[in-house]
Amino acid sequence: MWRKKFASYRHDILPDIQRAFELSGSVYYIDEDSRTNLKIDENLAKNLKEIEEILSKTKTSYELFFETVGKLVSRKDEPKNIVKDIFIAFENYLKEKTSKSNFGESISYLEKQGIMNKIQKGLLDKVYAYRSDAFAVTHAGASKKPDEIDGLWFLESVVVQLKFIDRKLKQHHVS
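The model shown is predicted, which means the values in this text are computed figures rather than measured ones.

Asker: Which residues make up helix 4 (residues 79-98), and what values do they have?
Answerer: The first and last C-alpha atoms of helix 4 sit 28 Å apart over 20 residues, in line with the 28 Å expected at 1.5 Å per residue. Burial of helix 4 is extensive: 15 of the 20 residues sit out of reach of the surface. Two residues or fewer after helix 4 comes serine 99, characterised by a positive phi angle close to 60°.

Asker: Outline the nonpolar core, listing residues and values.
Answerer: Within the largest apolar cluster, 34 residues are counted, with the highest numbers of intra-cluster contacts made by Phe65, Phe90, Leu155 and Ile165. Looking at this core, the elements with two or more residues in it are helix 2 (42-55), helix 3 (59-74), helix 4, helix 5 (103-112), helix 6 (118-133) and helix 7 (148-171). Counting residues per element, this core draws most heavily on helix 7, at nine residues. Apart from residues no more than four positions distant in its own chain, leucine 155 is found in contact with Leu44, Leu48, Phe65, Val69, Leu72 and Ile86.

Asker: Lay out unusual backbone geometry with the relevant residues and their values.
Answerer: Phi angles above zero are rare outside glycine, and arginine 75 is one such case at about 60°. As for its placement among the helices and strands, arginine 75 is situated in the loop between helix 3 and helix 4. A residue is classified by how much of its surface remains accessible, and arginine 75, at 38% relative accessible area, is partly exposed. Phi is positive for histidine 173, which is not a glycine, with a value near 55°. Looking at the secondary structure, you find histidine 173 in the segment after helix 7.

The rules behind each value
- Residues numbered from 1 in each chain as written.
- Predicted model: local features only at pLDDT ≥ 70, side-chain atom pairs only at ≥ 80, totals over all residues.
- Heavy atoms only, no water.
- Helix = DSSP H or I, 4+ residues; strand = E, 2+ residues; numbered from the N terminus.
- Expected span 1.5 Å × (residues − 1).
- Buried < 20%, exposed > 50% of the residue type's maximum accessible area, 1.4 Å probe, protein only.
- Core = buried A, V, L, I, M, F, W, Y, C linked by side-chain atoms within 4.5 Å.
- Contact = heavy atoms within 4.5 Å.

Written out as structure tokens, the structure is:
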């Protein structure tokens, strides 16, 4: 009996709760099943479509990256794991494109080949450093444990780098 009442009550108030989230500028929204999800803006959604094409030739990276994005949006995993897995997908992509054994060797190779300059390589070093320094991502780092907004920032940061590297590889006729 109480379940039927609750279902009716939930149906009646759900639109009000959804509107409150929207009006508050929350980074979350409540879907029709009353689940709280991370909101993805239009630009990121458009960029993720581009990343689908970029990663489509690297099956392992593609699968891990988009599975992780799904977990971030649906809040099905901890942000520390989201950051770790986004990085792993990114590293796998770089290793496959450069035929190198790790992230550092891959970006050094890209710099030596003139595909990126030392400042751009330095930025990628910082992406790696964040992943390593964020508390509980790979080990006890100096920074606080990432939250959903940190995970979203990391995703957006990696998306921009993937687009950049893809464009540079194409410019240098590297497939």
